[in-house]
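# Architecture and fold: a report
Residues per chain are reported as follows:
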Amino acid sequence: MTSSAPAVGRIAFVDTELSASPVCRHGPTLLLQDVDTNGRYYCCSSCRKRKDCDFHMTEEEWIVTQSKPKLMAKYRRRVSHLMATESEKYFYDKRVKQLERMEFCRNCSLIISTTDSLSDHKTHELMCGISGRQLRRPTKLMNSLTDNRFCAQYLFSKQTIRTHELMCGISGRQLRRPTKLMNSLTDNRFCAQYLFSKQTIRVLMNEILVKNQFSRVVCIGCPSLHEYIDCHKNALNMKSLLLDIDCRYKQFYSPKKYLKYNLFNNYFFGGVKDEKTFRRFIANSVKEPIVVLIDPPFGGLIDPMAKTIDKISEIWRKYHQISDESIKIPVLLFFPYFNEHRIKTTIPVLSMSDFMVDYENHRKFKATDSGRKFGSPVRIFTNIKLSSIVLPETDGYYYCDYCEKYISENNKHCFECNDCTARDGKPYNHCYQCKRCVKNTWNHCNRCGYCHLIQHSCTRHPFEDKSEIIVNKKRKH
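Per an unreviewed UniProt entry, the recorded name for the chain is CTCHY-type domain-containing protein, and the organism is Medioppia subpectinata. Word for word, the UniProt comment on the chain under Subcellular location (unreviewed entry) is "Cytoplasm".

In structure tokens form, the structure reads like this:
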């Protein structure tokens, strides 16, 4: 029934059937095992800390709950209440109701009808004259607005914000780009909403999606790319579906373009209806090639993501009548290079490209003076042939004839390792004693028998996989 994945720090992911797991407000929970005590417990798949989602249940408690009808009835009532949160229901009702007049407050990311109390918005500038019918057709709505006032943060905070940043005179063109209007959610523990830079979007579109003739794109946590495709869909002849846990996008996109979704448990918050929408989008890829782009929070567990990719690939293989389970749907996964060993162990079909993925609203992961010296550590892991991903030579990338892929300017082919070995943007040198390439700031230490920095302690092995520790030592349940 269950099988334990390799341990990540102190915590191991236990692969179980999620339909048999208890549910929190973010969908089915994950079963984790404490490596030190061997205790197993269920916790939220999305939130790393209990203050973000307080669900916690031991495996024994869940077994007892299932065996007692009264406890199970109480559990079901609690789940029903959790899954119908007021904020999301409010979003949905305001979008579909036929109201004569509606207003939008940017500081609250909230649609307001004239029948609602405006006491919390006395100091806000409001966008007026929007009907429910218009909100279901954002492209027509955007062209029809001439005098708009926009006023975005209340939805994800329980306390009223008194001093709000106001934007006035919003055009229809701006309304088609919600990532530029709404405040990004940059909580690394739950919803790390960092947006691709213009350079990254240009390379993804021109060098990968267009050149590989993909006409259907599933954007999981990539709102800026989905936004770009949606704004240029006619010129690109491309369709995009956004799957994201941020329910604010319900106001800007129809159910055919946006579905609220949890990557880590493959859960659609809209239930069977959203699942059917997703399956239809995949089904049409028989005639129109499809690719899945995944930009997850980097603090998330890799094993559940791998399971989700397997589930999506299973649906894709069914419509394409492919029986070989080793073949997966084309995927682009964005993750830091230091997780390469972990990712390739969990999802062996993925290979890492040297392209440095920049984010416009991240303090370090961007190609500016305030960013990291050797560029962003985020790379693309994909099962698309790396030789088909042409990286811009103007940015220092060049083609390696031996590896048959584009590499960064500081990366050099090592004939001893038979690979372009640099991963972090720094040049590497081959150590003949260690029989591997190491950073050029490292020297071989004869005392411990390995390469280290010049100032080092000989007590720790330098090549142990640190990516196995970075995620869940901080996860407290």
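Moving on, we get to the nonpolar core. Counting 40 residues, the largest nonpolar core has Phe196, Leu209, Leu225, Leu293 and Phe334 as its most contacted members. Looking at this core, the elements that each hand over two or more residues are helix 8 (198-210), strand 14 (216-220), helix 9 (223-231), strand 18 (290-294), strand 19 (331-336) and strand 21 (378-382). The biggest single contributor to this core is helix 8, with six residues. Once residues lying within four places of it in the same chain are set aside, the contact partners of Leu225 are Phe196, Ile201, Leu204, Met205, Leu209, Cys219 and Leu293. Among the nonpolar cores identified, the runner-up in size contains 32 residues, and Phe264, Phe268, Ile282 and Ile290 belong to it.

Another aspect to go through is the packing of helix 11 (residues 272-283) against helix 12 (residues 302-320). Running from amino to carboxyl end, helix 11 crosses helix 12 at an angle of 50°, the nearest separation of the two axes being 9 Å. Relative to helix 12, the element helix 11 is oriented oblique. The crossing of helix 11 and helix 12 is right-handed. Two secondary-structure elements touch here, helix 11 through Phe278, Arg279, Ile282 and Ala283 and helix 12 through Ile312, Ile315, Trp316 and Tyr319.

With that settled, the discussion passes to the pattern of salt bridges. The full count for this structure, using the stated rule, is eleven salt bridges. For Glu207, the salt bridge identified is with Lys211, shortest N-O distance 2.9 Å. Salt bridges here are not isolated pairs; linked through shared partners, they connect Glu340, Asp419 and Arg423.

The rules behind these values
Residues numbered from 1 in each chain as written. Predicted model: local features only at pLDDT ≥ 70, side-chain atom pairs only at ≥ 80, totals over all residues. Heavy atoms only, no water. UniProt positions renumbered as here; feature names shortened; annotations may be inferred. Core = buried A, V, L, I, M, F, W, Y, C linked by side-chain atoms within 4.5 Å. Buried < 20%, exposed > 50% of the residue type's maximum accessible area, 1.4 Å probe, protein only. Helix = DSSP H or I, 4+ residues; strand = E, 2+ residues; numbered from the N terminus. Contact = heavy atoms within 4.5 Å. Axes fitted to C-alpha atoms, helices over the stretch in contact; angles between N-to-C directions. Parallel < 35°, antiparallel > 145°, perpendicular 65-115°, else oblique. Left-handed = near helix turned anticlockwise from the far one by under 90°. Salt bridge = Lys/Arg side-chain N within 4 Å of Asp/Glu carboxyl O.

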